[in-house]
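Tertiary structure, described
The primary structure of each chain is shown beneath.
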Amino acid sequence: MHPRLAERECQRGLPSRVLIINADDAGYSRGINHAIAQCADRGVVRSTTLMANGGAFEHAVKVLGGVRDLGIGVHLVLTDLAPVDPTGRMQELLDEGGRLPRGPLALFSALAAGRGGMETLRRELILQVEKVLDHGILPTHLDSHKHVHAAPPILEMVLKVAARYGIRWVRNPFDETGRAPDILRSLDGPWRSRFLLQWFQSRETRLLRPYFRRAVRRAGLLTPDGFFGTALTGLWNMQLVQMVLGRLPPGRYEWMAHPGRDEAELRRMGTRLVEERFREMELMLSPELERFLTAHAIELRSYTG
């Protein structure tokens with residue numbers, strides 16, 4: 001939209017376009033922490049979510065806690081990392097290295113097989129939120145690693161934890177990226193298969209969206225109108241930004257981002273996103289992105305900003 005048209009919309013009192021660019025995985029590594037801080041200080045990031053059981057959690061608190069106008073939520077983790085709970089109650093769910101199941105499917109399979117229980121998971125979520133609170137951070141919102149809170153049993157626990165600590169916002173995890181053929185035309189060959197895999201994965205849970213919205217309303221909590229990021233994780237560029245966000249309707253939306261730095265620490269941890277995080281950091285810092293958001297009258301905020 002042309003800036004003058006956007007200005008006229010504002011003057012007429014029409015609903016605004018609010019975008020929360022949330023940097024996930026704070027606390028996962030020092031490089032990610034530094035990248036998020038840089039994107040918040042000099043770029044467009046206004047929100048992040050912190051892993052209480054991340055290996056660089058203490059570092060994240062120091063680096064991000066003082067960043068002006070940065071909202072910090074809790075990135076609840078029930079997969080891939082070690083739990084916060086020190087009591088051993090999670091033992092049935094852990095592998096030989098003391099880590100939680102590798103991904104949502106492994107988590108739900110373990111629970112279905114009777115390994116662990118919902119009360120054990122609820123206690124872990126509470127401990128993660130309390131760890132963040134104990135470090136002087138008032139969480140703006142809750143989301144979850146690999147979007148496990150899209151599953152109704154996990155969602156119900158997350159909503160109760162949010163209400164318990166007065167956290168009003170929960171991520172809407174259902175991707176609204178758009179039609180796959182349009183996206184495919186904007187990607188080079190090697191990235192198309194990856195996009196299609198992520199696109200189909202992002203749609204596997206869409207049948208749960210009506211239940212999610214009813215549950216959030218019933219709990220008296222809030223969630224954004226739309227969400228972008230799952231299908232395009234690791235693939236974002238300016239052309240895709242223009243395609244996905246260029247026709248953003250009025251409302252409040254979240255863009256899930258993964259800025260980071262290519263570092264030895266990150267490579268040792270086995271994450272599938274390494275170089276991709278650096279590219280997203282460059283995108284978050286680019287003047288072109290800032291100009292695009294301004295020209296389309298897209299207002300940047302945190303969850304509670």
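Parameters at a glance
Residues numbered from 1 in each chain as written. Predicted model: local features only at pLDDT ≥ 70, side-chain atom pairs only at ≥ 80, totals over all residues. Heavy atoms only, no water. Salt bridge = Lys/Arg side-chain N within 4 Å of Asp/Glu carboxyl O. Helix = DSSP H or I, 4+ residues; strand = E, 2+ residues; numbered from the N terminus. Buried < 20%, exposed > 50% of the residue type's maximum accessible area, 1.4 Å probe, protein only. Core = buried A, V, L, I, M, F, W, Y, C linked by side-chain atoms within 4.5 Å. Contact = heavy atoms within 4.5 Å. pLDDT = per-residue confidence, 0-100. Polar contact = N/O pair within 3.5 Å; in protein donor to acceptor, adjacent residues only side chain to side chain.

Brief notes about the pattern of salt bridges
Taken as a whole and assessed by the stated rule, the structure comprises 14 salt bridges. Linking R123 and D85 is a salt bridge whose minimum nitrogen-to-oxygen distance equals 3.0 Å. Of this pair, R123 sits in helix α5 (residues 118-134) while D85 sits in the loop between β3 (71-76) and α4 (104-112), placing them 38 residues apart in sequence. R123 sits in the partly exposed class, given a relative accessible area of 26%. For D85, a relative accessible area of 7% corresponds to the buried category. Here E156 makes a salt bridge to R218, at a shortest N to O gap of 3.3 Å. Taken together, the positions of E156 in helix α6 (residues 152-164) and R218 in helix α9 (residues 209-218) put the pair 62 residues apart, joining distant regions of the chain. When its relative accessible area of 24% is taken as the criterion, E156 is described as partly exposed.

Digging into the nonpolar core
One finds L245, W255 and M284 to be the most contacted residues of the largest nonpolar core, which totals 86 residues. Here this core gets seven residues from one element, more than from any other, and that element is α6. Once residues within four sequence positions are removed from consideration, W255 is found in contact with L19, I20, I21, N22, F228, W236, V241, L245, L283, M284 and L289.

Observations regarding the confidence of the model for the protein
Any residue range with low pLDDT should be treated as having predicted coordinates unsuitable for detailed reading. Residue-level pLDDT values for the protein average 90, and 94% of them are 70 or greater. Of the regions scoring below 50 in pLDDT, residues 1-14 engages in ten contacts with residues more than four places distant in sequence or in other chains.

Let's talk about the side chain of H145
Relative to the helices and strands, H145 resides in the loop between β4 (141-144) and α6. According to the relative accessible area criterion, H145 is buried, its value standing at 12%. Within the structure, the side chain of H145 is placed 3.4 Å from the side chain of H75, a separation counted as a polar contact. Apart from the residues lying within four places of it in its own chain, the contact partners of H145 are D25, M51, H75, L76, V77, T79 and D80.

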